[in-house]
Amino acid sequence: MGNSVLVFAEVKDGRVKKVALEMLSEGKKMAEKLGGDLSAVLMGSGIESLAEQLGQYGADKVYVADNEVLKDYTCDAYAKVMADLIKANEPAIVLYGATILGKDLSPRVAARVETGLASDCTDIGLDDDGKFTATRPMFAGKAYVDLSFTDSKPNMASVRPNALPVSPPDESKKAEVVKVDVNISPDDIRTTVKEVMKTAGEKPDLTEAEVIVSGGRGMKGPENFKLIEDLADVLGATVGASRAAVDAGWRTVDDQVGQTGKVVSPNLYIACGISGAIQHLAGMSTSKYIVAVNKDSEAPIFQKADYGIVDDLLKVVPVLTEEIKKLKAEG
Amino acid sequence: MNVVVCVKQVPDTESVIKVKPDGSDIITDDLKYVMNPYDEYGVEEALQIKEKFGGSVTILCMGPSRVVETIRTGLAMGADKAIHLDDPALEGGDAFATAKALAEALKGIEYDLVLCGKQAVDDDLSQTGQTLAELLGFPHASLIQKLEIADDNKSATVHCQVEGGLAVLDVSLPAVLTTQKGLNEPRYASLPGIMKAKKKPLDTKDLAALGLSADSVGCAGSKTIITKMTPPPERAAGKVIEGEGPQETVPKLVQLLREEAKVI
């Protein structure tokens, strides 16, 4: 069994996802300790040129599976390419981003090669004996566990976006590009993509967003979410919502943050009119900085917030949007 | 259409989770248990399929004797029968070990579709559905928001949540589909439903009945091992920004975000 680290570098709209760069940065350190290579996998159609960037972020080798059949993601096709690569190259560790796609793909590959997978990890590393370990939340972050792996190889983990830092790229570094023969027959694909309907804009998904502005029951109605959207626009943020706002029909399920929605870890989370039910707090408490705007000074959200303003959000949010606009204009 | 719904019993999401001082597990003394919220969407969808196409709905649930209450909830909602996998050796497994037991339990039953919640809100693994599909040799689709079974019952069209939108997929059946909020509105069990549930068939199987060895399931059959559990890092309560109205408080907030937190 080898000692290399393999990173699944997810591509979205012709770009490598930031979480892939985060995993390469950590993967590089692990590969060095193990005395092996760091490799990355690119899958899609017309994606070969992205290998250069992966090299600059530390990949020694980039496997490029460039084929029309991989243009739209199907788990059947992607899992076959991944499993074949793993069987041929026997890496010690395989990493995926814990994105919607990564979380769909990784269990299927793990089951096919009969190995262990730690999902949605907030930290990964090697212990003193060089064994792979992972830390992940359970109960949407109400508890954390450290995991070790049995002898089945490779050890696999999906890593939560924004959890690991990105090391600066080295522009002189080039990865060896290895083209992968894609041997997929139509019979291998049992789920065919008929259409992909866009429902959101170009903003990152909540689970990957670096800044989130969320609204809750205190928004009073769907029309006031315009204020949240305006603030999100000046911050380049993704809009979120509490369960109360989703259940009231003001926002779609896609926007829900919390234990029965999405668990998020942005650098900045701005909660507007959200009192802070235990399920919501669990879903956002790994945010680096939390701002709460709420009329009720007793709201539990203030127990988690780094900065709080006790006031009417309908008055505060427009002023905040203007202030940030000014700041951005100043540069 | 015969549909199997995999259901897990989990602590209510209202629960405050406390970790044992030795870090081996959570303290379960005061926990209230419920059906995993994402599985409720699976039960509801299965019932709607049965109402449209006929057939049966089977609940498949693994866990100690307390999970019978959750199984009864599924039967009271309208499921026809249930299989309960109950053996100490099945406890403490990761998704691989759990899926292995579920896959074994499905052998010898006739079904066209398996539904699983997209994840359990206790371990949050989000793996069991996909792993089960792989072990059964079936395709899967995750995070479904809409399901239409073809008239010949040989395939289904599903709307799956993907990044930034929905993907419309044709899936051949049998398949495993994972369910979540947005798919439907799960019904409540009616009083007659609760009465009827008590008489519905519940097949309890231990390891011997499953025909699996103790080292292939549960903790012993797992590929990942929990070495330590800890409470989340404490977040100290921060500062409330004082001032007369947004004209005073907001500039102070912006300054803190810029200079102290350095996030804007």
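This is a predicted model, so every value here is computed, not measured.

Parameters and conventions
- Residues numbered from 1 in each chain as written.
- Chains lettered and ligands numbered in written order.
- Predicted model: local features only at pLDDT ≥ 70, side-chain atom pairs only at ≥ 80, totals over all residues.
- Helix = DSSP H or I, 4+ residues; strand = E, 2+ residues; numbered from the N terminus.
- Rg over C-alpha atoms; globule rule 2.2 N^0.38 Å.
- Contact = placed C-beta atoms within 7 Å.
- Axes fitted to C-alpha atoms, helices over the stretch in contact; angles between N-to-C directions.
- Parallel < 35°, antiparallel > 145°, perpendicular 65-115°, else oblique.
- Left-handed = near helix turned anticlockwise from the far one by under 90°.
- Nonpolar A, V, L, I, M, F, W, Y, C, P; charged D, E, K, R; others polar.
- Domains from an automatic or database assignment.
- Pairing = 2+ DSSP bridges.
- Buried ≥ 20, exposed ≤ 12 C-beta atoms within 10 Å, placed from the backbone.
- Arc of directions from axis to C-beta.

**Thoughts on the overall build of chain A**
Turning to step 1, where the next piece is worked out: Looking only at helices and strands, one finds nine helices and 18 strands in chain A.
Turning to step 2, where the next piece is worked out: Taking 331 residues into account, the globule formula puts the C-alpha radius of gyration at 20 Å, and chain A, at 21 Å, falls close to it.
Turning to step 3, where the next piece is worked out: Along the three orthogonal principal directions, the C-alpha set of chain A runs to about 60 × 45 × 40 Å.
Turning to step 4, where the next piece is worked out: For chain A, contacts bridging at least 24 residues in sequence account for 66% of all contacts bridging at least 6.

**Some remarks on the packing of helix H3 (residues 75-89) of chain A against helix H4 (residues 100-112) of chain A**
Residue and element names in this part refer to chain A.
Turning to step 1, where the next piece is worked out: Where H3 contacts H4, the axes come no closer than 9 Å and their chain directions differ by 50°. If you check the angle between H3 and H4, you find them oblique. Along this stretch, H3 crosses H4, giving a crossing that reads as right-handed. The residues of H4 that touch H3, namely those facing Cys-75, Tyr-78, Ala-79, Met-82 and Ala-83, are Asp-104, Leu-105, Arg-108, Val-109 and Arg-112.
Turning to step 2, where the next piece is worked out: Residue composition of the contact of H3 with H4, grouped by class: seven nonpolar, no polar and three charged.

**Examining the domain arrangement of chain B**
Turning to step 1, where the next piece is worked out: Its domain assignment divides chain B into domain 1 (3-216) and domain 2 (238-264).
Turning to step 2, where the next piece is worked out: Inter-centroid distance (C-alpha atoms) of domain 1 of chain B to domain 2 of chain B is 47 Å.

**Focus: the sheet that holds strand E1 (residues 3-7) of chain B**
Strand-to-strand pairing in sheets goes through backbone hydrogen bonds, with the strands running parallel or antiparallel.
Turning to step 1, where the next piece is worked out: Pairing is mixed across the open sheet formed by 10 strands, whose spatial order is E13(A)-E9(B)-E8(B)-E7(B)-E10(B)-E6(B)-E1(B)-E4(B)-E5(B)-E11(B). For this open sheet the edge positions go to strand E13 (191-198) of chain A together with strand E11 (202-205) of chain B, each flanked by a neighbour on one side alone. Averaged over neighbouring strand pairs, the angle between their axes works out to 30° when direction is ignored.
Turning to step 2, where the next piece is worked out: Relative to E11(B), strand E5 (residues 81-85) of chain B runs parallel, the two being bridged by four bridges. Note on E11(B): the bridge partner recorded for B:Leu85 is B:Lys205.
Turning to step 3, where the next piece is worked out: Of the strands in this sheet, E1, strand E4 (57-62), E5 and E11 of chain B are in contact with helix H3 (residues 95-106) of chain B, which crosses E4(B) at around 145°.

**A few points about the packing of helix H9 (residues 313-330) of chain A against helix H7 (residues 246-260) of chain B**
Turning to step 1, where the next piece is worked out: Orientation of H9(A) relative to H7(B), taken along the N-to-C sense of each, is 50°, at an axis distance of 9 Å. One finds that H9(A) runs oblique with respect to H7(B). The two elements H9(A) and H7(B) cross, and the hand of that crossing is right-handed. Between H9(A), through A:Lys315, A:Val316, A:Val319, A:Leu320, A:Glu323, A:Ile324 and A:Leu327, and H7(B), the contact on the second element is made entirely by B:Pro246, B:Gln247, B:Val250, B:Pro251, B:Val254 and B:Arg258.

**Observations regarding the sheet that holds strand E12 (residues 224-230) of chain B**
Turning to step 1, where the next piece is worked out: Here we have four strands laid out as an open sheet, ordered E8(A)-E9(A)-E10(A)-E12(B), and antiparallel in their pairing. In this open sheet, the two edge strands, each paired with only one partner strand, are strand E8 (123-126) of chain A together with E12 of chain B. Across the sheet, the axes of successive neighbouring strands diverge by a mean angle of 25°, strand direction being ignored.
Turning to step 2, where the next piece is worked out: With four bridges joining them, E8(A) and strand E9 (residues 132-138) of chain A adopt antiparallel strand pairing. Counted as the bridge partner of A:Ile124 is A:Ala134 from E9(A).

**Comments concerning the environment of B:Gly243**
Residues and elements named next belong to chain B.
Turning to step 1, where the next piece is worked out: With respect to the secondary-structure elements, Gly-243 resides in the loop between strand E13 (239-240) and H7.
Turning to step 2, where the next piece is worked out: You can call Gly-243 partly exposed: it has 14 C-beta atoms within 10 Å.
Turning to step 3, where the next piece is worked out: If we skip the residues at most four places from it in the chain, Gly-243 touches Glu-248, Thr-249 and Lys-252.

**Examining the interface of chain B and chain A**
Turning to step 1, where the next piece is worked out: Taken together, the contact pairs 68 residues of chain B with 74 residues of chain A.
Turning to step 2, where the next piece is worked out: At the level of elements, H3, helix H4 (128-136), strand E7 (140-149), strand E8 (155-162), strand E9 (165-172), E12, E13 and H7 of chain B are the ones that each hand at least two residues to the side of chain B that touches chain A.
Turning to step 3, where the next piece is worked out: Tallying contributions element by element places H7(B) first for the side of chain B that touches chain A, with nine residues.
Turning to step 4, where the next piece is worked out: Summarising the sheet, E13(A) and E9(B) pair through seven bridges and their orientation is antiparallel. Bridged to A:Val196 within E9(B) is B:Ala167.

**Quick notes on the environment of B:Ala120**
All names here are of chain B.
Turning to step 1, where the next piece is worked out: Along the polypeptide, Ala-120 turns up in the loop between strand E6 (113-117) and H4.
Turning to step 2, where the next piece is worked out: Here the alpha-carbon distance between Ala-120 and Asp-39, two residues 81 residues apart in the chain, equals 8.1 Å.
Turning to step 3, where the next piece is worked out: When residues no more than four places from it in sequence are discounted, the contact partners of Ala-120 are Lys-8, Val-10, Asn-36 and Leu-125.

**Regarding the domain arrangement of chain A**
Residues and elements named next belong to chain A.
Turning to step 1, where the next piece is worked out: Split into domains, chain A comes out as domain 1 (5-188) and domain 2 (211-330).
Turning to step 2, where the next piece is worked out: Look at where the C-alpha atoms of domain 1 and domain 2 centre, and you get two points 32 Å apart.
Turning to step 3, where the next piece is worked out: Counting residues at the interface gives eight residues for domain 1 and nine residues for domain 2.
Turning to step 4, where the next piece is worked out: Of the residues belonging to the side of domain 1 that touches domain 2, the class tally is three nonpolar, three polar and two charged.

**Quick look at helix H5 (residues 225-235) of chain A**
All names here are of chain A.
Turning to step 1, where the next piece is worked out: Looking only at H5, the buried set comprises Phe-225, Leu-227, Ile-228, Leu-231, Ala-232 and Leu-235. Seen end-on, H5 carries its buried residues on one side only, within an arc spanning 150°.
Turning to step 2, where the next piece is worked out: Those residues of H5 that are buried are in contact with strand E14 (211-215), strand E15 (238-241), strand E16 (268-272) and H9.
Turning to step 3, where the next piece is worked out: Positive backbone phi, approximately 65°, marks Gly-236, located one or two places after H5.

**Comments concerning the environment of B:Met77**
Turning to step 1, where the next piece is worked out: In this structure, B:Met77 sits in helix H2 (residues 68-77).
Turning to step 2, where the next piece is worked out: Those residues in contact with B:Met77 that lie beyond four places of it in its chain are B:Val43, B:Leu47, B:Arg187, B:Ala189 and B:Gly193.

**Structural notes on unusual backbone geometry**
Turning to step 1, where the next piece is worked out: Look at the link from A:Lys153 to A:Pro154: it is a cis peptide, with omega at -5°.
Turning to step 2, where the next piece is worked out: Of note, the amide linkage connecting B:Leu173 to B:Pro174 takes the cis form, showing an omega dihedral of 0°.
Turning to step 3, where the next piece is worked out: Backbone geometry places A:Glu90, a non-glycine residue, at a positive phi of 45°.
Turning to step 4, where the next piece is worked out: Take A:Glu90: there are 15 C-beta atoms within 10 Å of it, and that puts it in the partly exposed class.
Turning to step 5, where the next piece is worked out: Not every positive phi belongs to a glycine, and B:Leu143 is a case in point at roughly 55°.
Turning to step 6, where the next piece is worked out: Locating B:Leu143 in the fold gives a position in strand E7.

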